[in-house]
Amino acid sequence: MTTDVERLRAREPMAQVLQAAKPLIELAVAEDIGPGDATSEAILPASATLYGRIVAKVAGVIAGLPLAEAVFQRIDPAIQFAAHTAEGQEVVAGEVVAEASGPARGMLAAERTALNFLQRMSGIATLTRRYVDAVACTSAAILDTRKTAPGYRALDKYAVRMGGGQNHRMSLYDMILIKDNHVEAAGGILPAVERVRATHPSLPVEVEVRSLEELRQALGITPPVDRIMLDNMSLEQMRQAVAIAAGRVPLEASGMVTLEGAADIAATGVDYLSVGALTHSVRALDLSMDVTLPPHAGEGWGGVLSLGEVSDRALGARTAELRAALGERAVILGHHYQREEVIAFADFRGDSLQLARSATQTDAEFIVFCGVHFMAETAAILARPGQHVVIPDPTAGCYLADTATPGLVQAAWDHLTATLGDAEAEFTPITYINSSASLKAFCGQHGGIVCTSSNAERAIRWALAQRPRVFFFPDQHLGRNTARRMGIPLEEMLVWETGRAPEAEAIRHARVVLWPGACNVHQRFRPEHVRALRERLAGVRVLVHPECPMQVVDLADKVGSTSYIIRQVEAAPAQTQWAIGTESHLVQRLQAEHPEQRIVSLADVPPFCPTMSQITLPKLVQELEGLVRGEVVHEVTVDPETSRWARVALERMLSA
Ligand code: SF4
């Protein structure tokens, strides 16, 4: 069942879909705007700017954001557009799908046309996803048809793919479909197949049959045809057809496939259900754009509007120019949770430790860290003399790291000493790499170690070989999940309460003391998300990060670091269904890079890391412009003493 499917599923890159959409955008602009927007031009000054948020009024699946962006850009290239969701991502009512900001006249002129494309395509993607979900407990796939709006085929079929469906033939030229009138004209099924094969030997061949007798004839053809369409057959006929075909040729159910009846049809064992309604009865997804003044008037929306100096060219092109100007003097590092437009310029992608290591393996003078502050600090600690680490937004911190300040940790350590006589004789401190340089130095000074989410177990084992107990900070979930996997019972773990120190007896009993910190992304995954996904998608594999709560980890199929999650998806066979519990930018990227798999976020509202998202393309441009001018604008440094001790703890991790 591969030949035709592979051909037909060959996905046009988004660039090709945009190319196909160009004339449609021109038509739409001509019919809607013509010589100008009479109202806005009369009322709004040319200098006015607006900020708009495209919001989903109902739950659905998003498709067409690049087209919406293209419309805004077509009307006024100064308009900045930022998608908040990936193509094919499910959104809930009230969710912000995208933001746009720029000259008010252009914003209002583009709004309707952009929404028209986006609503139609999202409507198709949403209906497709409903069908896909309806047959999810079988191996059947949902196909579209040629019943598309004239001129919109590439867009409609793209939207079907975003909904999780597959494309049937694109047009009459890319696949043979022999129907009853062809059979009649050729004098039978076999002669019809022979003729098309003689004329178009490379095209896949599908034959439509209306009875089990015709099916037997089609099955008797050698070499076998690529697919057989069962036209308007009853469920019982389809069951018999599946038994007769016995897997020799894939079967497609066609005609009267409704959403209500799809599961029953799929249960007969057919391989495909083709659904004309996906594209001929489109119900647009209800999306609207709320328009206001920019939220940070004068400063610009998230820094976007303040970049007037680059408004005359695409930011991406500007970034590429600056990047080229810096050459090997600079290296750009991008964390897996970064925005797509930023990570597109990363020379290295990775998790925090991979990126810090990448930095040490380069001779670049400038290490531009597109991540959060503690990561840039780690790179600065490991950097060689003469290397400068910069971060495009120095206020991009980490909620988890911020829960453990050096003062609070020192106070806890002092309390442990007061209770047990000498904390250092009893406890090995372990800090997760998601912590400040000061805490890494604390561990270095007190015989402790740094760990990552992939080596936490090794670090705890090492720590317990040094001293009888472990003081683990700042992520309680990583510490708890890892210790449990090692066989340490929950009764021997104690969660520190920063406002109220635990009783001495509780401390004496504890083998692992956990800091109460948690990542505000991963702690949002709940056990009910896992249960709901398992109900909705039979056979789904739940893959989560160990920063998730224990109850989620207990229900998951696989648990591991960001890199582990990526490796699992990369190694999985096509059609694997994943529900992934980690930051949404990474999940979106995996969806885009692995269209052969069905990947969804574990949460109904996929959580994203707001501090990571503070690194925007405009800020990266500003940083690179500074470097090109010879100014190191946002350098991250760590004082030599802190750096020395932090390096001790990091080196213990590397050699543990
Ligand atoms: S995802 Fe969590 S741990 Fe990572 S930077 Fe954001 S808040 Fe911190």
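For the structure itself, look to the data block above.
Here goes a summary of the coordinates provided. (Residues numbered from 1 in each chain as written. Predicted model: local features only at pLDDT ≥ 70, side-chain atom pairs only at ≥ 80, totals over all residues. Heavy atoms only, no water.)

Turning to the pattern of salt bridges, a few remarks are in order. Under the counting rule described, the total for this entry stands at 31 salt bridges. Measuring nitrogen to oxygen at the nearest pair gives 2.5 Å for the salt bridge that ties Glu457 to Arg461. With Glu457 and Arg461 both in helix α21 (residues 456–466) and 4 residues apart, this pair spans about one turn of that helix. Looking at Arg461, the relative accessible area reads 46%, which means it is partly exposed. The residue Arg484 makes a salt bridge to Asp554 at a minimum N-O spacing of 2.9 Å. Pair noted here: Arg484 is in helix α22 (residues 476–485) and Asp554 is in helix α25 (residues 550–555), with a separation of 70 residues, a long-range link. (Salt bridge = Lys/Arg side-chain N within 4 Å of Asp/Glu carboxyl O. Helix = DSSP H or I, 4+ residues; strand = E, 2+ residues; numbered from the N terminus. Buried < 20%, exposed > 50% of the residue type's maximum accessible area, 1.4 Å probe, protein only.)

Of the two faces of strand β10 (residues 251–254), the one lined by Leu251 and Ala253 and the one lined by Glu252 and Ser254 are each fully buried. In this sheet, β10 lies alongside strand β9 (residues 227–231) in parallel orientation, the contact comprising 4 bridges. Opposite Ile228, over in β10, you have Leu251 as the bridge partner. Read from β9 through helix α10 (residues 235–245) to β10, the crossover connection turns out right-handed. Each parallel crossover has a hand, and for β10 linked through helix α11 (residues 262–267) to strand β11 (residues 272–274) it is right-handed. (Pairing = 2+ DSSP bridges. Right-handed = clockwise from strand over helix to strand, strands pointing away.)

For any two helices packed against each other, the geometry comes down to the angle between their axes and how far apart the axes lie. Running from N to C, helix α4 (residues 65–75) and helix α5 (residues 104–134) point in directions that differ by 160 degrees, and their axes come no closer than 8 Å. Relative to α5, the element α4 lies roughly antiparallel. Every pair of crossing elements has a handedness; the one defined by α4 and α5 is right-handed. Side by side, α4 and α5 meet where Leu65, Leu67, Ala68, Val71, Phe72 and Ile75 of the first sit next to Gly106, Met107, Ala109, Ala110, Glu111, Thr113, Ala114, Phe117, Leu118 and Met121 of the second. (Axes fitted to C-alpha atoms, helices over the stretch in contact; angles between N-to-C directions. Parallel < 35°, antiparallel > 145°, perpendicular 65-115°, else oblique. Left-handed = near helix turned anticlockwise from the far one by under 90°. Contact = heavy atoms within 4.5 Å.)

An ideal rise of 1.5 Å per residue puts 16 Å on 12 residues; helix α13 (residues 315–326) measures up with 17 Å between its terminal C-alpha atoms. Tucked into the core, α13 has its buried residues touching β3 (80–83), β13 (330–335) and α28 (617–629). After α13 finishes, the residue Gly327 shows a positive phi value of roughly 55 degrees. (Expected span 1.5 Å × (residues − 1).)

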